[in-house]
Amino acid sequence: MSETWNIEIPSTFVADASVGGAGAEAVFKVFDFHFCDSSCKTDARQDCLTASEQDRAGRFHHRIDRNRFVVGRGMLRQVLGIALDMSPVDVPIGLDKGRPFLDQSAFGPFFFNLSHSGNRVMMIFSRERQVGVDVEVERDFPDLEQVARRVMTNGEYDQLLAMPKAGRIAAFFRLWVRKESIMKCLGKGFEIDPRRIEVGHDASASTEGLFEQRAFHLNHFQDTEHGKSHYWAFTY
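Residues numbered from 1 in each chain as written. Predicted model: local features only at pLDDT ≥ 70, side-chain atom pairs only at ≥ 80, totals over all residues. Heavy atoms only, no water.

1. Considerations on the environment of Asp103
And then number 1: Checked against the element boundaries, Asp103 lands in the loop between β4 (99-102) and β5 (111-117).
And then number 2: Residue classification places Asp103 among the partly exposed positions, given a relative accessible area of 35%.
And then number 3: On a C-alpha basis, the gap between Asp103 and Val91 in space is 8.6 Å, while along the polypeptide they are 12 residues apart. (Helix = DSSP H or I, 4+ residues; strand = E, 2+ residues; numbered from the N terminus. Buried < 20%, exposed > 50% of the residue type's maximum accessible area, 1.4 Å probe, protein only.)

Right, dumping it as structure tokens:
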């Protein structure tokens, strides 16, 4: 993987870290992008897309959905192009059950994952192991308890109900991004019942745990510019 990463697109370099011991080290890089940045021009991003991706973009009914796809996929291709030292449009991205992946026949192991919510997209990359990331914009919904029952273990659900109501939305999203990043890292999504994954309600800014020999790391942040809380987690 290139160590330069001179990305000429609006982004925040969130993490550059190593885990594991000698002979089993995994290096990952995480980037945080904002769709709302004025320099995120869709025309420039569309030039990075393949013909099939441009056709897919044209089938979106709503302009905002089209723009998010074009910008998100264009940014992904730009970052991968830098890492692989090739033109973004030539990066061999395929789809497996809707999840983009890199054809590794020409490059050896190279893994990535991305997630977007609202105007934010998170991307994680690694040459050593599968990775997963999830980001969510905090929002209210009236059936929180019913949704929580479908995704939480009994212990997690009981802990949620024991909390003051004012703090339950934040607790739900802190927990959910951890679970979904694990599910994405394993490449199975909702083939895994979220109730099999116990991550708990630790509200600290950094948390680690294990599921099927996968470590997860949580961080969450406040988008002060727009007054909305975002929660994100990555699994490696």
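2. What to know about the pairing of strand β7 (residues 132-137)
And then number 1: With six of six residues buried, β7 lies mostly within the body of the structure.
And then number 2: Of the two faces of β7, the one holding Gly132, Asp134 and Glu136 and the one holding Val133, Val135 and Val137 are both buried throughout.
And then number 3: When β7 meets strand β10 (residues 228-235), the two strands line up antiparallel, connected through six bridges. Paired with Val137 across the two strands is His230, which belongs to β10. (Pairing = 2+ DSSP bridges.)

3. Some points on the nonpolar core
A general trend in soluble globular proteins is that nonpolar side chains are found buried together.
And then number 1: Counting residues in each nonpolar core, the largest one holds 25 residues, and the members touching the most others are Met152, Phe172 and Ile197.
And then number 2: Every element with two or more residues in this core is listed here: α4 (144-151), α5 (154-162), α6 (168-185) and β10.
And then number 3: Here this core gets 10 residues from one element, more than from any other, and that element is α6.
And then number 4: Apart from the residues lying within four places of it in its own chain, the contact partners of Phe172 are Phe141, Leu144, Val147, Ala148, Val151, Met152 and Leu160. (Core = buried A, V, L, I, M, F, W, Y, C linked by side-chain atoms within 4.5 Å. Contact = heavy atoms within 4.5 Å.)

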